[in-house]
Each structure stands twice: as C-alpha cells, then as structure tokens.
Amino acid sequence: MELTGWVKPYEWGKVGISSAVAQMAMANDPDFVLNENETYAEMWMGTHFCGVSIVKETGETLDRVLKKDLPYLFKVLSINKALSIQVHPNKCEAERLHKERPEIYKDDNHKPELAIALTPFVALVGFQPVEDIIDYIDEFQPLSKLIGKEAVDALHQTRNAEGLKECYAILMKSDESAISKCIQGIAKKNKEELKRNELLDVFNTISADFPGDVGVLSLFFMNLVRLRPGQAIYLGANEIHAYLSGDCVECMACSDNVIRAGLTPKYKDVNQLISSVIFEGKSAQCKVFMPYRIDDTVQVFVPPVDDFAVIHVSIKYIVDTYKLQIQPFGSILLTLTGVRNLKLNTKEGRKQITLTRGSIVYIPVEAAPEIEFEHAEDCNEDFSAYIATFNYFRKA
C-alpha cells in the first residue's frame, strides 16, 4: 500500500522549500501545496492517532485497514529552532503520568527514539562527564555563582551523579531573573571562552531564540553532538536531550510522551524531569549510535527495545536487482533518492510499485521472506531508502 504522510507545521520547523519535510511531502503527495512562508517540521508515517497515514488508493487511514496499531512511529524532522530540553518516561512512569495527568501525558507508552541525520545535525544528548561539567562551571563564573558555592564545592568533592543532580536541580529551579542575569553575564564576559570551547554560535542562537530560558545553560551540562548525514543517536528512556538543528529520519515507540524543562513555550515539568532523568555522564563520542552492516547494501540500526528497528537500503546504480530478506512484520519504507521497482507478495498476489523520492510504502506481513528492488528504466542514480519495522533483529 502506498501511503501519504501527515505533515505537522510546528513553529520550530524549517520554512518553505528549505525543509526536508516539505520536499518529501511535495514528492509524496501531488495534492500538497507548498507555502514558502509556512514552517514544515515533521512528517508522520504510521498509525498514531495524532497523525495517521492515509492509503493513497482508497483514502482510508492505515489503522483502519490494518485493524491494529503499529508498535512504532516513523517520521521525517526538519529543525530550524531548538526543540525542548526533554526526557521521555519509561513504561511504568508513562502509565502513571497518563493516569494522573492525561491532559499533559496523552498516552501510557514509553518513547525510546532513534534519529538518523539526513543533513548536518546538531543535538544536545545526555550529560557530559562530570569532570568536564566541573571545568565548565569553574570557567564560566556567572554559572558558578548561580548554582552557589555550597553545591559547587560538593560537586568538586563527590564528582558523582548525586553531586551533578544537586547542581542541575538548583539550576533548573532558579528564579527567572537570576537565570536571565547569568545568561547575560556569560554573553558579556565569556565570549572568548565560548569560542574556545566551540559553543559560541550555538549559545548565541538558542539565546536569541529563547531569551532568558534556563535551557540555554544546559549547554554547559549536556553533550553537544554534531552528526554527519547517515550518523545516528539513540535516546532511551529518561535520557536528557534536545534537537537543535538539521534534518533527520526518526523512529520511535508509538507515543507522544514528553517531559519538558527548557527551550520551549510549552508546559515545563521541571520536578518530573529532575525525578526521571538519568544523571550519568558520558562523552559525546559515546552518544553516536552505530548500525551493524549486513552486506555492502544494507545496514540496520538495532536499538535495545522491541518496538522498532530501522533498515537502511543503499543500492548502487550499477546493481540490477537486490533481494532483501525480511521477517513477517508490517514495515514502512521511505524512499530518499533514486528510482527502483519494488516487487513483493501481498494478499492479492505479486505486486510491483515504482519507488521514487518521497515514496512511502507499507510492506505487509505477506511480503516475507523477501522483497525485491529491481532496476527501473529511468533510474540514473543510486537508490537510498529507510525501512521502519518491528525489532525482530533482537531475537536473532
């Protein structure tokens, strides 16, 4: 089944044709009308009730056709302005939060997620090693003053997660005027230090977008990760993060649960974030999530959860036909580049679909044990696609 994605115009998205979401939507849907002044932030592919995909041939929603929900949600994101400092609750927390505050936490599922860069991509991911955080606090005196001598001295002595938690909690719960004064002080007094630590551009950008927001100061606690196209990050339950800029393919458990605490006009649940987040410091290099390669054509991103895995298919132009081995689970394929004829088994028998940039296809369970990518007549470039599926690779 060929699908139409659901486009979300959140204000943090890229504008007009600069957005990969808009580019994909134009390629995917002939009825899509581009507005060069509109923001295009996300394109959803799946059965989530906030943006169910439509089956092109019939106009039905995918969940009604399948008569069930998929365990994952597949997306394209285009980020012009930072998304919030946030964590996603684990399954037990999600069930409790949904029961207690359903108006904020709208479902009871966890939301581990994987982001694979399509363009140069920048994010804050997890806490830095404690030693590095101490160096930043010492170097940026307005920050040290805001946190306070007692907590800073304790962090120097303990150099552990408890000391980090105390300092970060004080920061996140500080008075708005004190936070604003700290940010202004760093901007005025520490330009050279920001430049030396390669933080100046990011600091200036998020300060301008979110004046006086405590999330700006998380820059001195969290890892600044810069991904090249094709590189990925995985965010498990309660790992603090914020996407800052770039385009990516994202796959997650089918949920929309977010605990926010900065860089956002939305509701900030600071106490819950401090309670949930994992205060474990690791280096930025540890945050790049590596796939494993099946062969020269296919690599797979396999997170430590059952809900989803993402297969990357990259077929050279000179390859006539490639057969991909799959398991009998419903999958969603998104084409990025190139043209191929996809041949697969369905309930109605053998079917062929021509894949081009922006093609979204639901691959049914009947397609197993293999689907075939055949050379198309008008193909003159390498083919690239991502496939979201249930994480059967963990069972192998």
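What counts as what
Residues numbered from 1 in each chain as written. Predicted model: local features only at pLDDT ≥ 70, side-chain atom pairs only at ≥ 80, totals over all residues. Heavy atoms only, no water. Helix = DSSP H or I, 4+ residues; strand = E, 2+ residues; numbered from the N terminus. Polar contact = N/O pair within 3.5 Å; in protein donor to acceptor, adjacent residues only side chain to side chain. Contact = heavy atoms within 4.5 Å. Salt bridge = Lys/Arg side-chain N within 4 Å of Asp/Glu carboxyl O. Buried < 20%, exposed > 50% of the residue type's maximum accessible area, 1.4 Å probe, protein only. Phe/Tyr/Trp six-rings, centres within 6.5 Å; stacked < 30°, edge-to-face > 60°. Lys NZ or Arg CZ within 6 Å of the ring centre and 35° of its normal. Axes fitted to C-alpha atoms, helices over the stretch in contact; angles between N-to-C directions. Left-handed = near helix turned anticlockwise from the far one by under 90°. Nonpolar A, V, L, I, M, F, W, Y, C, P; charged D, E, K, R; others polar. Pairing = 2+ DSSP bridges. Parallel < 35°, antiparallel > 145°, perpendicular 65-115°, else oblique. Patch = residues over 30% accessible without salt bridge, like charges linked within 9 Å, V, L, I, M, F, W, Y side chains within 5 Å. Areas by Shrake-Rupley, 256 points an atom, 1.4 Å probe, with all protein chains shown as cover. Lys, Arg positive; Asp, Glu negative; His and termini not counted. Charge placed at Lys NZ, Arg CZ, Asp CG, Glu CD.

Of note, serine 174 is situated in the loop between α7 (161-172) and α8 (176-189). Reaching out from serine 174, the side chain makes a polar contact with the backbone oxygen of isoleucine 170 at a distance of 2.7 Å. Once you skip the residues sitting within four places of it in the chain, serine 174 turns out to touch Leu146 and Ile179.

We now examine the pattern of salt bridges. One pass over the full model with this rule turns up 17 salt bridges. Across the salt bridge formed by arginine 159 and glutamate 131, the nearest N and O atoms sit 2.5 Å from each other. Here arginine 159, found in the loop between α6 (149-158) and α7, pairs with glutamate 131, found in helix α4 (residues 130-139); they are 28 residues apart in sequence, far enough to count as distant. Look at arginine 159 and you get partly exposed, because its relative accessible area is 37%.

A few words now on the packing of aromatic side chains. Summed over the entire model, instances satisfying the criterion amount to 17 aromatic pairs. Their ring planes at 65° and their centres at 6.3 Å tell us that tyrosine 168 and phenylalanine 279 sit as a pair that is edge-to-face. Remark: phenylalanine 279 occurs in the loop between α11 (270-276) and β15 (292-293) and tyrosine 168 occurs in helix α7; sequence separation between them is 111 residues. With relative accessibility at 10%, the residue phenylalanine 279 sits in the buried group. Seen from their ring centres, phenylalanine 329 and phenylalanine 390 are 4.8 Å apart, and the 35° between their planes marks the pair as tilted. One end of the pair, phenylalanine 329, is in the loop between β18 (321-325) and β19 (331-337); the other, phenylalanine 390, is in the segment after β24 (383-389), with 61 residues separating them in the sequence. Look at phenylalanine 329 and you get partly exposed, because its relative accessible area is 31%. For phenylalanine 390, a relative accessible area of 21% puts it in the partly exposed group. Directly above the ring of tryptophan 44 sits lysine 8, whose terminal nitrogen or CZ lies 4.4 Å from the centroid. For the cation-ring pair, lysine 266 lies above tyrosine 10, with the distance from its terminal atom to the ring centre recorded as 5.6 Å.

Packing of α4 against α6 brings their axes to within 10 Å, and their N-to-C directions diverge by 145°. For the pair α4 and α6, the sense of crossing is left-handed. Two secondary-structure elements touch here, α4 through Val130, Ile134, Ile137 and Asp138 and α6 through Val152, Leu155 and His156. For the contact of α4 with α6, the per-class residue count stands at 5 nonpolar, 1 polar and 1 charged.

Moving on: unusual backbone geometry. With an omega of 15°, the peptide bond running from alanine 368 to proline 369 counts as cis. Along the chain, proline 369 turns up in the loop between β22 (360-363) and β23 (370-375). You will see that arginine 159, though not glycine, has its phi angle at about 50°, which is positive. For glutamate 198, which is not a glycine, the phi torsion comes out positive at approximately 55°. If you trace the backbone, glutamate 198 turns up in the loop between α9 (191-196) and α10 (200-209). Using a relative accessible area of 59% as the deciding quantity, one classes glutamate 198 as exposed.

So, on to the environment of glycine 212. The topology assignment puts glycine 212 in the loop between α10 and β11 (222-227). Residue classification places glycine 212 among the partly exposed positions, given a relative accessible area of 29%. Those residues in contact with glycine 212 that sit more than four places away from it in its chain are Ile179, Ser180 and Ile183.

We now examine the sheet that holds β24. Taken together, 6 strands build an open sheet; the order of strands is β15-β16-β17-β24-β19-β22 and the sheet is antiparallel. Only two strands of the sheet have a single partner each, and these edge strands are β15 and β22. Where β19 and β24 come together, 5 bridges link them in antiparallel fashion. From the neighbouring strand, leucine 334 faces β24, where its bridge partner is tyrosine 386.

Quick look at the packing of α6 against α7 now. Interhelical geometry of α6 versus α7 gives an angle of 160° and a closest axis separation of 8 Å. With respect to their mutual orientation, α6 and α7 come out roughly antiparallel. Crossing geometry of α6 relative to α7 is assigned as left-handed. Contacts between α6 and α7 involve Ala151, Val152, Leu155 and Thr158 from the first element and Gly163, Leu164, Glu166, Cys167 and Ile170 from the second. For the contact of α6 with α7, a count of residues per class yields 6 nonpolar, 2 polar and 1 charged.

Turning our attention to the sheet that holds β23. In space, the 4 strands of this open sheet follow the order β18-β23-β20-β21, with antiparallel pairing throughout. At either end of the open sheet lies a strand with only one pairing partner, and these are β18 and β21 (349-355). Direction aside, neighbouring strands of the sheet carry axes that sit 20° apart on average. Judged from the 7 bridges that link them, strand β20 (residues 340-346) and β21 form a sheet pairing that is antiparallel. Among the inter-strand pairings, asparagine 345 is bridged to a residue of β21, identified as arginine 350.

The next subject is a positive patch on the surface. A cluster of like positive charges, contributed by Lys145, Lys181, Lys188 and Lys189, occupies part of the molecular surface. Sorting elements by how many residues they give to the positive patch places α8 first, with 3 residues. Inspection of the secondary structure puts lysine 188 in helix α8. In this structure lysine 188 comes out as exposed when scored by relative accessible area, which is 73%.

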